[in-house]
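Observations on the model geometry
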Amino acid sequence: MTEINHRKADHPIHSIFLERWSPRAFTGEEISERDLLALFEAARWAPSASNMQPWRFVYARRGTEYFASLLETLDEGNQRWAKNASALVIILSKTHRLTSSGELRPAYTHAFDTGAAWFALALETQLAGWHAHAMAGIDRDKAMHVLGVPEHYRVEAAVAIGRIADPSTLPEDLRERERPSQRKAIGEFVFEGRFRGD
């Protein structure tokens, strides 16, 4: 079995899945555009139904004019620590598609595919020596307005990317939470033949 970061896999898996976690303590160092775009390159190659690639990423690097405006779309609790990220990213998905006849139809797998692209980004970030922390705590209406997002797109999440810092740099109430979290056992979410969940 694989054991890393106080996490233990019940079945043999690659160590990257246990190494990847979502810290809040970041050093605040800058990330080059070249290094950041290399992370998005991994997201580019995520699987996609009918190759629609519905994911969209809007980013701001620390030290640029856009960083403050993306930071302000986050909930206050996330702003407290995400302000030290090297980059902030808002993840969107395209909710509809145009058919060959010009009809606008729902893209049923838009969130599923965008989640796959996010995870490709998260793993590449880990492999490159950075960390990524996805957040649900975002003012979606504000983000749509600030980013100039048209209709038929949905804000899925925000992401902070940075180099990991010592937990002592965090507000006191967040320090004890600054460790890799555990996961449910496979038996709680994998079922043979018939659904048995809650």
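A brief look at the structure comes next. (Residues numbered from 1 in each chain as written. Predicted model: local features only at pLDDT ≥ 70, side-chain atom pairs only at ≥ 80, totals over all residues. Heavy atoms only, no water.)

**Observations regarding the overall build of the protein chain**
The helix and strand inventory of the protein chain stands at seven helices and eight strands. Its C-alpha atoms give the protein chain a radius of gyration of 18 Å, near enough to 16 Å, the size a compact globule of 198 residues would have. Considered along the principal axes of its C-alpha atoms, the protein chain spans approximately 55 × 50 × 30 Å. The buried share of the protein chain, reckoned over its 198 residues, is 38%. The contacts of the protein chain with a sequence gap of at least 6 include a subset with a gap of at least 24, amounting to 69%. (Helix = DSSP H or I, 4+ residues; strand = E, 2+ residues; numbered from the N terminus. Rg over C-alpha atoms; globule rule 2.2 N^0.38 Å. Buried < 20%, exposed > 50% of the residue type's maximum accessible area, 1.4 Å probe, protein only. Contact = heavy atoms within 4.5 Å.)

**Quick word on helix H5 (residues 110-127)**
Along its 18 residues, H5 runs 26 Å from first to last C-alpha, staying within 8% of the 26 Å computed at 1.5 Å per residue. Taken together, the buried residues of H5 touch helix H1 (16-19), helix H2 (33-44), strand E3 (55-61), strand E4 (87-94), strand E7 (131-135) and strand E8 (153-162). Just past H5, the residue Gly129 takes up positive phi, approximately 90°. (Expected span 1.5 Å × (residues − 1).)

**Some thoughts on the sheet that holds E7**
Read across the sheet, four strands follow the order E3-E4-E8-E7 without closing on themselves; strand pairing throughout is antiparallel. Two strands lie at the open edges of the sheet, namely E3 and E7, each paired on one side alone. On average, each strand axis in the sheet is tilted by 25° relative to the strand beside it, whichever way the strands run. Across five bridges, E7 lies against E8 in antiparallel orientation. Of the residues in E8, the one forming a bridge with Ala134 is Val159. (Pairing = 2+ DSSP bridges. Axes fitted to C-alpha atoms, helices over the stretch in contact; angles between N-to-C directions.)

**Topic: the packing of H2 against H5**
At a closest axis distance of 7 Å, the pairing of H2 and H5 adopts a crossing angle of 140°. Comparing their axes, H5 and H2 come out oblique. Like other packed secondary-structure pairs, H2 and H5 cross with a definite hand, here right-handed. Side by side, H2 and H5 meet where Ala38, Leu39, Phe40, Ala42 and Ala43 of the first sit next to Ala117, Ala120, Leu121, Glu124 and Thr125 of the second. (Parallel < 35°, antiparallel > 145°, perpendicular 65-115°, else oblique. Left-handed = near helix turned anticlockwise from the far one by under 90°.)

**Some remarks on the side chain of Thr95**
Mapped onto the fold, Thr95 is located in the loop between E4 and strand E5 (96-98). Thr95 sits in the buried class, given a relative accessible area of 14%. When near neighbours in sequence (up to four residues on either side) are disregarded, Thr95 contacts Arg105, Pro106, Ala107, His110, His152, Tyr153 and Arg154.

**Looking at the environment of Ile13**
Along the chain, the position of Ile13 falls in the loop between strand E2 (7-8) and H1. Here Ile13 falls in the partly exposed class, since its relative accessible area comes to 38%. For the pair formed by Ile13 and Trp130, sequence separation is 117 residues and the distance between their alpha carbons is 21 Å. Other than its neighbours up to four places away in sequence, Ile13 contacts Thr2 and Leu18.

**Describing a negative patch on the surface**
Negative charge collects at one region of the surface, where Asp75, Glu76, Asp139 and Asp141 lie side by side. Its location among the elements puts Asp139 in the loop between E7 and helix H6 (140-147). With a relative accessible area of 36%, Asp139 lands in the partly exposed category. (Patch = residues over 30% accessible without salt bridge, like charges linked within 9 Å, V, L, I, M, F, W, Y side chains within 5 Å. Areas by Shrake-Rupley, 256 points an atom, 1.4 Å probe, with all protein chains shown as cover. Salt bridge = Lys/Arg side-chain N within 4 Å of Asp/Glu carboxyl O. Lys, Arg positive; Asp, Glu negative; His and termini not counted. Charge placed at Lys NZ, Arg CZ, Asp CG, Glu CD.)

**With respect to the pattern of salt bridges**
The full count for this structure, using the stated rule, is five salt bridges. In this structure, Arg105 engages Glu103 in a salt bridge whose closest nitrogen and oxygen atoms are separated by 3.1 Å. Judged by relative accessible area, which is 36%, Arg105 ranks as partly exposed. Residue class for Glu103 comes out partly exposed when judged on its relative accessible area of 38%.

The values are spatial; any link to function lies outside them.
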